[in-house]
Amino acid sequence: MNNNDRAEFMSTTDNAFSATIDPINTPKAPLKQRWWHIMDNWKVGIVPLPLFLLAGGLIALDCLGGKLPSDIVVMVATLAFFGFACGEFGKRLPVLGKLGAAAICATFIPSALVHYGLLPDVVIESTTKFYKSTNILYLYICCIIVGSIMSMNRTTLIQGFLKIFFPMLCGEVVGMLVGIGVGTLLGMEPFQVFFFIVLPIMAGGVGEGAIPLSMGYAALMHMEQGVALGRVLPMVMLGSLTAIVISGCLNQLGKRFPHLTGEGQLMPNRSHETRSLSESEGVSGKTDVGTLASGALLAVLLYMVGMLGHKLIGLPAPVGMLFLAVLLKLANVVSPRLQEGSQMVYKFFRTAVTYPILFAVGVAITPWQELVNTFTLTNLLVIVSTVSALVATGFLVGKKIGMHPIDVAIVSCCQSGQGGTGDVAILTAGNRMSLMPFAQIATRIGGAINVSLGLLFLSHYLA
């Protein structure tokens, strides 16, 4: 090797060596660069660790002072601190972290902390007041629904809505039969199994499912509504918990067998459907702040129209909003630029708001003791078999009719979810938040049909 070759070799070696060293971690790195490295790379959820610690300190000071304001400024910090902490804990659990434990922990750890008195009273009071007075869950759901619909391909949207009903129907029929069969084999009365376990699971949650069911049972079976609700509500919660776990398992199955999933798409893409919104509509992909704000306003206004529809014809506001958003998308009423703004709003809420919302749900409306009381062996076997049969049927039927089976199965999980909160947790565990429109169909419409037909059948049975 001559001198020139040796010099070139040494130069190349030095460059390669220096490329493998992180200048931030070297002893000679400036202090500010080290600090920036910590800010950018050390995070709890999406919150930089220094900001997370600062939020915790400020919340602790308020709690020591005996008052935590329930205004939106303080609540944003509070929900972010506790929500991302619980979610991060769930993500880091061995094995379970990959099976949806983050969503489960973000919902049920707060509930347990409330029950055992481990969460400061001021945090509980402020969180509950904020959650119930703002209806922030509906803001979250409307932004997720409208944003995901606006980001869909029109052809895929039409095919998905037309085809999803058949797997849902088959899943409910099979799930009900399996649940009743397992309960009967375990020595339970088929009547009790169907009306107090299976039907509540598929009733569409608490407000739209468990409460109407308890009112119907109180009127038809001459029992106190509180007693009926106490028997029905735990089944709804445990069914939703089972669905969350199954959704997490389906997500891992999709990673192992990619040909079974569309990663949030129900229908296989054709060549002309694989283009993104920016490619197919001529959108630049650079969303300005005004467009982002307009996308959020579109979601809010569509929800307000849904509320008006609820007053006039009784259709649940999220469902009315969903159908209206689909019609606007199919009719090309919304400009490509505004659709892109809606899509960015959807991504923001999915990334930044999910775990804080789940924490608020766990504190405000998730009774831990009722969930624990449901954990009997017979109840567990009936619930798990019912939800598993429902989801497996959705998987098989979806595959048979040419849909992505894992994505159809995750939508089927939402048929046994705890309403809107259950949909959020299930789709978060399955990493398929773009399926929220179809999840709302499964939960709202499917649940309303089940409750109506179930009470109608009960009235004829007792007549």
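Everything numeric here is computed off the predicted structure, so don't read it as measured data.

Reading guide: rules and limits
Residues numbered from 1 in each chain as written. Predicted model: local features only at pLDDT ≥ 70, side-chain atom pairs only at ≥ 80, totals over all residues. Heavy atoms only, no water. Helix = DSSP H or I, 4+ residues; strand = E, 2+ residues; numbered from the N terminus. Buried < 20%, exposed > 50% of the residue type's maximum accessible area, 1.4 Å probe, protein only. Polar contact = N/O pair within 3.5 Å; in protein donor to acceptor, adjacent residues only side chain to side chain. Contact = heavy atoms within 4.5 Å. Axes fitted to C-alpha atoms, helices over the stretch in contact; angles between N-to-C directions. Parallel < 35°, antiparallel > 145°, perpendicular 65-115°, else oblique. Left-handed = near helix turned anticlockwise from the far one by under 90°. Nonpolar A, V, L, I, M, F, W, Y, C, P; charged D, E, K, R; others polar. Patch = residues over 30% accessible without salt bridge, like charges linked within 9 Å, V, L, I, M, F, W, Y side chains within 5 Å. Areas by Shrake-Rupley, 256 points an atom, 1.4 Å probe, with all protein chains shown as cover. Salt bridge = Lys/Arg side-chain N within 4 Å of Asp/Glu carboxyl O. Core = buried A, V, L, I, M, F, W, Y, C linked by side-chain atoms within 4.5 Å. Expected span 1.5 Å × (residues − 1).

**Notes on the side chain of Thr 107**
Take Thr 107: it is sitting in helix 5 (residues 101-115). Thr 107 sits in the buried class, given a relative accessible area of 7%. Polar contacts involving the side chain of Thr 107 include one to the main-chain carbonyl oxygen of Ala 103, which spans 3.0 Å. Thr 107 has contacts with Leu 358, Val 361, Gly 362 and Thr 366, leaving out every residue within four places of it along the chain.

**Considering the side chain of Thr 78**
Mapping Thr 78 onto the fold places it in helix 4 (residues 72-91). On the basis of relative accessible area, Thr 78 is assigned to the buried category, the value being 0%. Within the structure, the side chain of Thr 78 is placed 2.9 Å from the backbone oxygen of Val 74, a separation counted as a polar contact. Other than its neighbours up to four places away in sequence, Thr 78 contacts Ile 59, Leu 68 and Val 123.

**A word on the packing of helix 14 (residues 289-313) against helix 15 (residues 317-330)**
Viewed as axis vectors pointing N to C, helix 14 and helix 15 meet at an angle of 125°, and their least axial separation amounts to 7 Å. Judged by the angle between their axes, helix 14 and helix 15 are oblique. The handedness of the crossing between helix 14 and helix 15 comes out as right-handed. Mapping the contact onto sequence places Ala 299, Leu 302, Tyr 303, Val 305, Gly 306, Met 307 and His 310 in helix 14 and Ala 317, Pro 318, Gly 320, Met 321, Leu 324, Ala 325 and Leu 328 in helix 15. Its residues placed into classes, the contact of helix 14 with helix 15 shows eleven nonpolar, three polar and no charged.

**Quick word on the environment of Leu 462**
Within the fold, Leu 462 resides in helix 22 (residues 436-462). The class of Leu 462 is partly exposed, set by a relative accessible area of 39%. In the structure, Leu 462 is positioned 242 residues away from Leu 220 in sequence and 7.7 Å away in space, judged by C-alpha atoms. Discounting chain neighbours no more than four positions away, the residues touching Leu 462 are Leu 220 and Met 221.

**Some thoughts on a nonpolar patch on the surface**
On the surface, Leu 51, Leu 54, Leu 58, Leu 61 and Leu 64 cluster together into a nonpolar patch covering about 540 Å² of accessible area. Among the secondary structure elements, Leu 61 is positioned in helix 3 (residues 49-64).

**Here we look at unusual backbone geometry**
Positioned with a positive phi, Asn 135 is a non-glycine residue whose angle comes to about 55°. Within the chain, Asn 431 stands out as a residue other than glycine whose phi angle is a positive 55°. Topologically, Asn 431 is positioned in the loop between helix 21 (419-429) and helix 22. On the accessibility criterion, Asn 431 (53% relative accessible area) is exposed.

**Remarks on the nonpolar core**
One finds Tyr 140, Tyr 217 and Leu 266 to be the most contacted residues of the largest nonpolar core, which totals 127 residues. The dominant element in this core, judged by the number of residues it contributes, is helix 12 (residues 225-256), at twelve residues. Beyond its immediate stretch of four places on either side in the chain, Tyr 217 contacts Phe 195, Phe 196, Leu 199, His 222, Met 223, Ala 228, Val 232, Leu 455 and Leu 458.

**Quick word on helix 7 (residues 136-150)**
Taking 1.5 Å as the rise per residue, helix 7 with 15 residues should run 21 Å; its terminal C-alpha atoms sit 21 Å apart, in good agreement. Of all the 15 residues making up helix 7, 13 are buried; the element is thus mostly covered by neighbouring parts of the structure.

**Observations regarding the pattern of salt bridges**
Enumeration over the complete set of coordinates arrives at four salt bridges. A salt bridge links Glu 88 to Arg 92; the nearest nitrogen and oxygen atoms lie 3.0 Å apart. A relative accessible area of 15% places Glu 88 in the buried class. Given a relative accessible area of 62%, Arg 92 falls into the exposed group. In this structure, Arg 432 and Asp 407 form a salt bridge, with 3.0 Å as the shortest nitrogen-oxygen distance. One end of the pair, Arg 432, is in the loop between helix 21 and helix 22; the other, Asp 407, is in helix 20 (residues 405-413), with 25 residues separating them in the sequence. Asp 407 matches Arg 432 in its accessibility class, with the two residues each being buried. Three or more residues are tied together by salt bridges with common partners; here these are Glu 263, Asp 407 and Arg 432.

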